[in-house]
Amino acid sequence: MDKLLIGSHVSMSAPKYYLGSVEEAISYGSTTFMFYTGAPQNAFRSPLEKLKIEEGRALIKEHGFDEDKIVVHAPYIINIANQLNQNNYEMAKSVLLNEVKRTAGFGCKILVLHPGSHVNTGVENGIDSIVKALNWVLSQDGTDVKIALETMAGKGSEMGTSFEQMQEIISKTDYPERIGICLDTCHISDNNYDINEFESILDNVENTVGLDKLLVVHVNDSKNPIGSHKDRHENLGYGEIGFDALNKVVHNPRIESVPKILETPFVDDKPPYKIEIEMLRNSEFKDWK
Ligand code: FE
Ligand code: FE
Ligand code: ZN
């Protein structure tokens, strides 16, 4: 299999479940992929026994995917960054714990998590809440799954808006070796990082969390200009970041071993990933819309 570790978000649905997810990834010409173990927007989760995991894993092996580079995304509803409502906080922690265990149940090693919103309780309280929740989860999950905190666009009171803040969170936990980050190009552009200056962004990562902590890159163009704090993804080359800058991210030798995952929008209800992956392989934009 070629070296470029590229894939996309894929679905998981009846009747083929995980087997269908792997087939979908293969159909796009991917070398890795990302999936949710249930609906992204809620915490309802089917039992693992139902999800054709063995069949999916057999195909993963047969196809030569590296299982350690396959990514699970935690449901959006988890918010561990404030304790305004103790019930919600406890719920978020137990949903996260369950999701870490489910990730291990698929044989996967990386779980992407949105760090959450502090909701007017302040950044310091946000950090404290995240650290306590991660400690609670990682003290009892009994797995070797790593949690990748995703960089966010800075909408409202979102946490995870700088690598310095990520470093503060990671270093304050009792389990820094089990926490890393996921860099989303749309989100950090919306958060005022210039993707055209990706080498200096990587220097920034290196000098804060460390490059070894960069576990996933989400490759998305942005509908909005740099610093807009909007979080609206666009297809590669059709947004404000542009194809060339994103192509350079994907081919950057410093992050060769990091899985790159597309989360660009569907067009006419169809996933764009096959053509976008092809464009990245060829390092050439093609006007397909
Ligand atoms: Fe995300
Ligand atoms: Fe993302
Ligand atoms: Zn986003």
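For the structure itself, look to the data block above.
Cut-offs applied
- Residues numbered from 1 in each chain as written.
- Chains lettered and ligands numbered in written order.
- Predicted model: local features only at pLDDT ≥ 70, side-chain atom pairs only at ≥ 80, totals over all residues.
- Heavy atoms only, no water.
- Donors = N, O, S within 2.8 Å, 3.2 Å for Na, K, Ca; no water.
- Helix = DSSP H or I, 4+ residues; strand = E, 2+ residues; numbered from the N terminus.
- Buried < 20%, exposed > 50% of the residue type's maximum accessible area, 1.4 Å probe, protein only.
- Expected span 1.5 Å × (residues − 1).
- Contact = heavy atoms within 4.5 Å.
- Phe/Tyr/Trp six-rings, centres within 6.5 Å; stacked < 30°, edge-to-face > 60°.
- Lys NZ or Arg CZ within 6 Å of the ring centre and 35° of its normal.
- Polar contact = N/O pair within 3.5 Å; in protein donor to acceptor, adjacent residues only side chain to side chain.
- Salt bridge = Lys/Arg side-chain N within 4 Å of Asp/Glu carboxyl O.
- Axes fitted to C-alpha atoms, helices over the stretch in contact; angles between N-to-C directions.
- Parallel < 35°, antiparallel > 145°, perpendicular 65-115°, else oblique.
- Left-handed = near helix turned anticlockwise from the far one by under 90°.

Moving on: the coordination of the iron ion (ligand 1). Looking at the metal site, the iron ion (ligand 1) is ligated by His73 (NE2), His114 (NE2) and Glu150 (OE), spaced 2.2 to 2.3 Å from it. Between the donor residues of the iron ion (ligand 1), the gaps in sequence give the motif H-x40-H-x35-E. If you look at the iron ion (ligand 1) and the iron ion (ligand 2), they sit 3.4 Å from each other and are both ligated by Glu150. A residue pair is termed long-range when its members are at least 10 positions apart, and His114 in the loop between β4 (110-113) and α4 (123-138) and Glu150 in strand β5 (residues 146-150) qualify at 36 residues. The two residues His114 and Glu150 agree in class, both being buried.

A few words now on helix α3 (residues 86-105). The first and last C-alpha atoms of α3 sit 29 Å apart over 20 residues, in line with the 28 Å expected at 1.5 Å per residue. Those residues of α3 that sit buried are Tyr89, Ala92, Lys93, Val95, Leu96, Leu97, Glu99, Val100, Arg102 and Thr103. Buried-residue contacts for α3 involve β3 (71-73), β4, α4 and β5. Looking one or two residues past α3, Gly107 carries a phi angle of roughly 80°, positive in sign.

Another aspect to go through is the packing of aromatic side chains. Here the structure, examined in full by the defined rule, presents 13 aromatic pairs. Aromatic side chains Tyr36 and Tyr76 sit 5.9 Å apart centroid to centroid with 85° between the ring planes, which places their arrangement in the edge-to-face category. Of the two residues, Tyr36 is situated in the loop between β2 (34-35) and α2 (53-63) and Tyr76 in the loop between β3 and α3; the sequence distance between them amounts to 40 residues. The aromatic ring of Tyr238 is capped on one face by Lys289, whose charged end is 4.9 Å from the ring centroid.

Quick look at the side chain of His218 now. With respect to the helices, strands and loops of the structure, His218 is situated in strand β7 (residues 214-219). Within the structure, His218 has its side chain in polar contact with the side chain of Glu150 (distance 3.0 Å). Here His218 is in contact with Met34, His73, Val112, Glu150, Cys182, Leu183, Asp184, Thr185, Ile261 and Glu263, once residues within four sequence places are set aside.

Turning to the pattern of salt bridges, a few remarks are in order. Two side chains with opposite charge may pair up if their charged atoms get near one another. Following the criterion strictly, the structure yields 16 salt bridges and no others. For the salt bridge of Glu256 with Lys3, the shortest nitrogen-to-oxygen distance reads 3.4 Å. Remark: Lys3 occurs in the segment before β1 (6-8) and Glu256 occurs in the loop between α8 (243-250) and β10 (260-262); sequence separation between them is 253 residues. Given a relative accessible area of 37%, Glu256 falls into the partly exposed group. Since its relative accessible area comes to 64%, Lys3 is described here as exposed. Close ionic contact of Arg178 with Asp141 constitutes a salt bridge, the shortest N to O distance being 2.7 Å. Within this pair, whereas Arg178 is found in the loop between α5 (163-172) and β6 (179-184), its partner Asp141 is found in the loop between α4 and β5, the two being separated by 37 residues in sequence. Both residues of the pair, Arg178 and Asp141, belong to the buried class.

Moving on, we come to the coordination of the zinc ion (ligand 3). For the zinc ion (ligand 3), the full set of protein donor atoms is His187 (NE2), Asp231 (OD) and His233 (NE2), at a range of 2.0 to 2.3 Å. All donor residues of the zinc ion (ligand 3) come from one chain, and their arrangement in sequence is H-x43-D-x1-H. Between the zinc ion (ligand 3) and the iron ion (ligand 1) the interatomic distance amounts to 5.4 Å. In this pair, His187 sits in helix α6 (residues 185-190) while His233 sits in strand β9 (residues 233-234), placing the two residues 46 residues apart along the sequence.

All right, on to the packing of α4 against α5 then. Look at α4 against α5: their axes get within 9 Å of each other, and the N-to-C directions meet at 40°. Classified by the angle between their axes, α4 and α5 sit oblique to one another. Considering only the axes of α4 and α5, their crossing is right-handed. Listed contacts from α5 to Val123, Glu124, Ile127, Ile130, Val131 and Leu134 of α4 are Gln165, Glu168, Ile169 and Lys172.

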